[in-house]
There are 2 protein chains.
Amino acid sequence: MMNVFEAIEKRHSYRGAFTDAPVPRGDLLKIVEAGIRAPSGFNLQSTEFVIVDDADLIARIGEITGNKTVSRSKALIACVSQEVRPPSAPEMSFEIEDCSAATENILLAITALGYASVWIDGCLRRENRAARVGELLGVPEDRTVRIVLPVGVPAEERAQKEKKAFEQRARYNKWS
Amino acid sequence: MMNVFEAIEKRHSYRGAFTDAPVPRGDLLKIVEAGIRAPSGFNLQSTEFVIVDDADLIARIGEITGNKTVSRSKALIACVSQEVRPPSAPEMSFEIEDCSAATENILLAITALGYASVWIDGCLRRENRAARVGELLGVPEDRTVRIVLPVGVPAEERAQKEKKAFEQRARYNKWS
C-alpha cells in the first residue's frame, strides 16, 4: 500500500488519456469513503457525492463541461457542497473548506489505488455548468456541484507540476 | 510508514494535552512540504505558511485565540492564504480551496509522523483574531491567516469523530 507521503508526491492533475480498464465500485467506495472521512467545520459533513459510472451520463457531463478528461473518464465523482451553518456560529459556513478537504482525500485515495484524476472546478463556474450538471444528476437546488473528479487508469505517465521551493512558501516564526 | 488510507482514518481533531516532546524542524519541514505539494487552482500556489516553534509566540497566539490546544502545542503552523486571480480567469479565485487542500495534506502528514493536530478556523473569524495573529507574525496585509494547526505528540488517545454512513452521503449516478 502506498504511504501517505508517496501519495502526496505522486498526486498530480492528470489530463491525459485513460485505458479501457473500468473503475470497479469496490474501488469507488474506498475512494469516496476517504472523502467522507475528511474533517469538516463543526463535523457538519456538508459535502456529499454523486458517483457517476454510467457511460451515457459521463458523456453528457463531458458535453456540458467541454472537458476532454471528463469525456474520457471511466468514472466520475461529483463533489456536492451545501451551505450548512453551525447553530452555535450561524454567521459562519465551511462549505468550501469541507468540500476541498474531502476532495484532497479523494485525490490521494485515487492516486494510492493506481488511478489518476484532476480537480475540475473553475470550469464549472462558467456558463451555468455547475447547475446544469446538478440538474442532470438530480442534485437538489440547495446544493452546488462544486468539483468534478474524472477517474480512470492513466494511459500516459505524467507527474506533479513543479512547486515553488520551501523557502518561497514557508517561514519560521516571522514572515521576513 | 503509514499508508494513505490508515492516515485518513486516524486523522482526527485532537483537543487533548501534548507530551513535552518537541517537534523537530526536520519533521516540520516534511509536514509543510506535504502542504506545498497540494493542488491549487491554475497551480498558482496561493497558500503560504508560517511555522511557529518559538514558545513565546505560541503562548501569544494562544492568548489571542483563547484556544487551549494552541496554548499547549509544541509547534504551530499558520496557513496563510492570498487572493490570487488567474490571468485567464480573472473573475475566479481559489484562495479557500487551495488553503484547505494544503491543510488536509498537512494534517495527514502530521498523523503519519505520530503527531496530532486540529483544524482551527472558525475561531480566527471572530474578534479580529486572524488579523491579530497575522500582525504578530508580520504577515503582509494582503494575506489572511486562515487556518492555524497546533502540533505536538498527543498525550491522550483520541479517535476520529463518527461520520455519517456512506449511503447518507453518496449516491450512484442519480441523487435519489
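Only a predicted model underlies this, so the values are computations on that prediction, with no experimental measurement involved.

Student: How would you explain the sheet that holds strand β1 (residues 48–52) of chain A if you had to name every residue and give the values?
Tutor: Judged by pairing direction, the sheet is mixed, and its four strands sit side by side in the order β3(A)-β2(A)-β1(A)-β4(B) without closing on themselves. Strands at the two margins of the open sheet, each flanked by one partner only, are β3 (143–151) of chain A together with β4 (170–172) of chain B. Neighbour-to-neighbour, the strand axes of the sheet open up by a mean angle of 20 degrees, direction not taken into account. Alignment of β1 of chain A against β4 of chain B, held across three bridges, turns out to be parallel. Following the sheet pairing, Phe49 of chain A is matched in β4 of chain B by Ala170 of chain B. On top of the sheet, helix α5 (residues 95–112) of chain A reaches β1, β2 (75–82) and β3 of chain A; it is set at about 15 degrees to β3 of chain A, its chief contact. Contacts between helix α6 (residues 129–137) of chain A and the sheet are confined to β1, β2 and β3 of chain A, with β3 of chain A contributing the most and set at about 85 degrees to the helix.

Student: Break down the side chain of Glu48 of chain A for me, with residues and values.
Tutor: On the secondary structure map, Glu48 of chain A appears in strand β1. Judged by its relative accessible area of 7%, Glu48 of chain A is buried. Within polar-contact distance, the side chain of Glu48 of chain A engages the side chain of Arg171 of chain B at 3.2 Å. Apart from the residues lying within four places of it in its own chain, the contact partners of Glu48 of chain A are Ala78, Cys79, Val80, Gln82 and Arg143 of chain A together with Gln168, Arg169, Arg171 and Trp175 of chain B.

Student: Report on the relation of the copies chain B and chain A, specifying residues and quantitative values.
Tutor: With an RMSD of 0.0 Å, the operation that places chain B on chain A is a rotation of 180 degrees combined with a shift of 0.0 Å along the axis. Here the transformation between the copies is reduced to the relation of a two-fold axis. Most of the interface of chain B is mirrored in chain A, where 100% of its interface residues are also at the interface.

Student: Could you give me a rundown of helix α2 (residues 25–36) of chain B, with the residues and numbers involved?
Tutor: Under the 1.5 Å per step criterion, the end-to-end length of α2 of chain B is 16 Å for 12 residues, consistent within 8% with the ideal 16 Å. Turning to α2 of chain B, its buried residues are Asp27, Leu28, Ile31, Val32, Ala34, Gly35 and Ile36 of chain B.

Student: Can you explain the nonpolar core? Please cite residues and give values.
Tutor: Membership of the largest hydrophobic core comes to 66 residues, with the highest contact counts inside it found for Phe49 and Ile77 of chain A together with Phe49 and Ile77 of chain B. Among all residues touching Phe49 of chain B, those that are not within four sequence positions of it are Arg169, Ala170 and Arg171 of chain A together with Val32, Gly35, Ile36, Ile77, Ala78, Cys79, Ala102 and Ile106 of chain B.

Student: Kindly report on helix α6 (residues 129–137) of chain B, identifying the contributing residues and their values.
Tutor: Think of an α-helix as 3.6 residues a turn; residues three or four steps apart then line up on the same face. All names here are of chain B. Arg129, Ala130, Val133, Gly134, Leu136 and Leu137 are the residues of α6 that are buried. Across the axial projection of α6, the buried residues extend over an arc of 160 degrees, all falling on one side. Residues of α6 that are buried sit in contact with β1 (48–52), α3 (55–65), β2 (75–82) and β3 (143–151). Positive backbone phi, at 75 degrees, marks Gly138, one or two positions downstream of α6.

Student: Account for the interface of chain B and chain A, with residues named and values stated.
Tutor: Residue-level contacts link 75 residues of chain B with 75 residues of chain A. Buried surface at the junction of chain B and chain A, both sides included, amounts to about 6,700 Å², of which 58% is carbon and sulfur. Summed over the three residues of chain B that lose the most area to chain A, namely Arg169, Asn173 and Trp175 of chain B, the buried surface amounts to 13% of that side. Inspection of the chain B/chain A interface yields six salt bridges.

Student: Quick one: what's the story with the environment of Glu141 of chain A, residue by residue and with numbers?
Tutor: Here Glu141 of chain A shows up in the loop between α6 and β3. Counting along the chain gives 131 residues from Glu141 of chain A to Lys10 of chain A, while the straight-line C-alpha distance between them is 36 Å.

Student: How would you explain the environment of Asn67 of chain A if you had to name every residue and give the values?
Tutor: Residue and element names in this part refer to chain A. Structurally, Asn67 can be placed in the loop between α3 (55–65) and α4 (68–72). Using a relative accessible area of 18% as the deciding quantity, one classes Asn67 as buried. Sequence separation of Asn67 and Arg126 is 59 residues, and the distance between their C-alpha atoms is 12 Å.

Student: Summarise the packing of aromatic side chains; cite the residues concerned and give the values.
Tutor: Here the structure, examined in full by the defined rule, presents six aromatic pairs over all chains. Both rings, one in Tyr14 of chain A and one in Phe18 of chain A, keep their centres 5.4 Å apart while their planes meet at 50 degrees; by these two values the pair is tilted. Across the pair, Phe18 of chain A and Tyr14 of chain A agree in class, each one buried. Sitting over the ring of Trp175 of chain A, Arg171 of chain A keeps its end group 3.9 Å from the ring centre. Arg25 of chain B extends its terminal NZ or CZ atom over the ring of Tyr172 of chain A, reaching a point 3.8 Å from the ring centre.

Student: Lay out the packing of α3 of chain B against α6 of chain B in plain terms, naming residues and giving numbers.
Tutor: To describe two helices that pack against each other, one gives the angle between their axes and the distance between the axes. Residues and elements named next belong to chain B. It is the contact of α3 with α6, at a shortest axis distance of 10 Å, that shows an interaxial angle of 165 degrees. Classified by the angle their axes make, α3 and α6 are roughly antiparallel. For the element pair α3 and α6, the recorded crossing hand is right-handed. Counting all contacts with α3, which are made through Leu57, Arg60, Ile61, Ile64 and Thr65, the residues of α6 involved are Arg129, Arg132, Val133, Leu136 and Leu137. For the contact of α3 with α6, the residue count by class is six nonpolar, one polar and three charged.

What counts and what doesn't
Residues numbered from 1 in each chain as written. Chains lettered and ligands numbered in written order. Predicted model: local features only at pLDDT ≥ 70, side-chain atom pairs only at ≥ 80, totals over all residues. Heavy atoms only, no water. Pairing = 2+ DSSP bridges. Helix = DSSP H or I, 4+ residues; strand = E, 2+ residues; numbered from the N terminus. Axes fitted to C-alpha atoms, helices over the stretch in contact; angles between N-to-C directions. Contact = heavy atoms within 4.5 Å. Buried < 20%, exposed > 50% of the residue type's maximum accessible area, 1.4 Å probe, protein only. Polar contact = N/O pair within 3.5 Å; in protein donor to acceptor, adjacent residues only side chain to side chain. Least-squares fit on C-alpha atoms with pLDDT ≥ 70 in both. Expected span 1.5 Å × (residues − 1). Core = buried A, V, L, I, M, F, W, Y, C linked by side-chain atoms within 4.5 Å. Arc of directions from axis to C-beta. Buried area = accessible area lost by both parts, 1.4 Å probe. Salt bridge = Lys/Arg side-chain N within 4 Å of Asp/Glu carboxyl O. Phe/Tyr/Trp six-rings, centres within 6.5 Å; stacked < 30°, edge-to-face > 60°. Lys NZ or Arg CZ within 6 Å of the ring centre and 35° of its normal. Parallel < 35°, antiparallel > 145°, perpendicular 65-115°, else oblique. Left-handed = near helix turned anticlockwise from the far one by under 90°. Nonpolar A, V, L, I, M, F, W, Y, C, P; charged D, E, K, R; others polar.

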